[in-house]
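Single-letter residue listing:
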Amino acid sequence: MSEIGVYRLNVGSCNGCDIEVVCALAERFGIGNLKARIVDEPEKANMLLVVGVVSAKMAGPLKEVYNKLREPKTVIAVGTCALSSGIFQKSYSALEPTDKFIPVNLYVLGCPPSPQAIGEGVARTMGVKYRRWLAPKGFRGQPELDSEKCTGCGACEKACPTSAIELADEGNKRTVKFMYDKCISCASCEEVCPEDAVRLVKKRHPSGPDRALMRVSAVEELAGCPFCGTFEVPAKQIRALVNRIIEAAKPYESFRKDIERAAAACSRCRGKTANLEGAKALLLKLEKSIIRAAPGSF
Ligand code: SF4
Ligand code: SF4
């Protein structure tokens, strides 16, 4: 295979990905060992590495550089910002991700991706073999979702700073979707999950040519609201919540069905006067059950 020229373009990076690209040039990780040479002019390159979020000022130069590349040209989007605008997605100067401006052949995920992942991406695009690297000690990588434990409560979605987690309700089903192309491995989801259903593992996010495949999801069944039938609260979430309440106050066990019914109410029915009165009456019964119970029994 003849040597290929690689041109790197920073379209608005914090420099994290830039540093990792420079590391990837080191002999140890060796883009150079792959018969790929970094060049300083796009006209001499047929591979483009894009790092950073496409900022308003860099959209034009990005297209110009792409047009100057030699044929056959390939583009690798390196890092979460180049893939999905990452933490900068709502910034005033951040435009759309790279693939909205030029065609992208491969996405290398990570914030920032490791030099090994970048080397792997270059090798994969060139169709040559590359050494497999294990993640180093203490490496914090992709969030893994345990669908058995997940109740679909949505705490992770609210905590995620890059909108990498989406909850979608359809009929009586809720899907919790993790999108790795938006993930920055911050671990907020792991921290807030009440069920320990998500944890960051030492695996690198998978790189590849198709962003749609960089997803992992769990599907939960929604319980119908006992008052109007609307599907809004996941059945597993209700069970987990009620179990926790009864664990903390054993005398509530005889009111399990009533507590489950109250917890399953949809947001609209919860606020209705009759239901509020019902909830107050239930609280009174629960309080009495505590008073009746012998001290120390819970
Ligand atoms: S149980 Fe955990 S992973 Fe599932 S939706 Fe709630 S916070 Fe997210
Ligand atoms: S680690 Fe979790 S919270 Fe953080 S960006 Fe990734 S999916 Fe979102």
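Look above for the structure.
Now for a look at the structure at hand. (Residues numbered from 1 in each chain as written. Chains lettered and ligands numbered in written order. Predicted model: local features only at pLDDT ≥ 70, side-chain atom pairs only at ≥ 80, totals over all residues.)

A look at the site of ligand 1
For ligand 1, the set of nearby residues contains 13 residues, the closest of which are Cys150, Cys153, Ala155, Cys156 and Cys193. A class-by-class count of the residues in the shell around ligand 1 yields nine nonpolar, three polar and one charged. (Near = placed C-beta within 6 Å. Nonpolar A, V, L, I, M, F, W, Y, C, P; charged D, E, K, R; others polar.)

Describing the sheet that holds strand β2 (residues 36-38)
In sheet architecture, strand pairing relies on hydrogen bonds along the backbone and comes in two forms, parallel and antiparallel. A sheet is described by the order of its strands in space; here five strands give the open sequence β2-β1-β3-β4-β5, paired in parallel fashion. Of all strands in the sheet, those bounded by a partner on one side alone are β2 and β5 (106-108). Here the average twist between neighbouring strands, direction ignored, is 25°. Pairing of strand β1 (residues 4-10) with strand β3 (residues 47-51) involves five bridges; the strand directions are parallel. Among the inter-strand pairings, Val6 is bridged to a residue of β3, identified as Met47. Across the sheet, helix α1 (residues 16-25) lies against β1, β2, β3 and β4 (74-78), angled at about 140° from β3, the strand it touches most. (Pairing = 2+ DSSP bridges. Helix = DSSP H or I, 4+ residues; strand = E, 2+ residues; numbered from the N terminus. Axes fitted to C-alpha atoms, helices over the stretch in contact; angles between N-to-C directions. Contact = placed C-beta atoms within 7 Å.)

Structural notes on the nonpolar core
Burial of nonpolar side chains together is a common tendency in soluble globular proteins. Formed by 59 residues in total, the largest nonpolar core has its most connected members in Leu48, Val50, Ala77, Val78 and Val108. The element that contributes the greatest number of residues to this core is β3, accounting for five residues. Those residues in contact with Leu48 that lie beyond four places of it in its chain are Tyr7, Leu9, Val65, Tyr66, Leu69 and Val75. Listed in part, the five residues of the second largest apolar core include Leu222, Val233, Ala264 and Ala265. (Core = buried A, V, L, I, M, F, W, Y, C linked by C-beta atoms within 7 Å. Buried ≥ 20, exposed ≤ 12 C-beta atoms within 10 Å, placed from the backbone.)

Some words on the pairing of strand β8 (residues 173-179)
The pairing of strand β7 (residues 165-170) with β8 spans six bridges and is antiparallel. Across the sheet, Ile165 pairs through a bridge with Phe178, a residue of β8. Between the antiparallel neighbours β7 and β8 lie two residues, among them Gly171 with a positive phi of about 60°. Here β8 pairs with strand β10 (residues 215-224) via seven bridges, running antiparallel. Note that in β10 the partner of Met179 across the bridge is Arg215.

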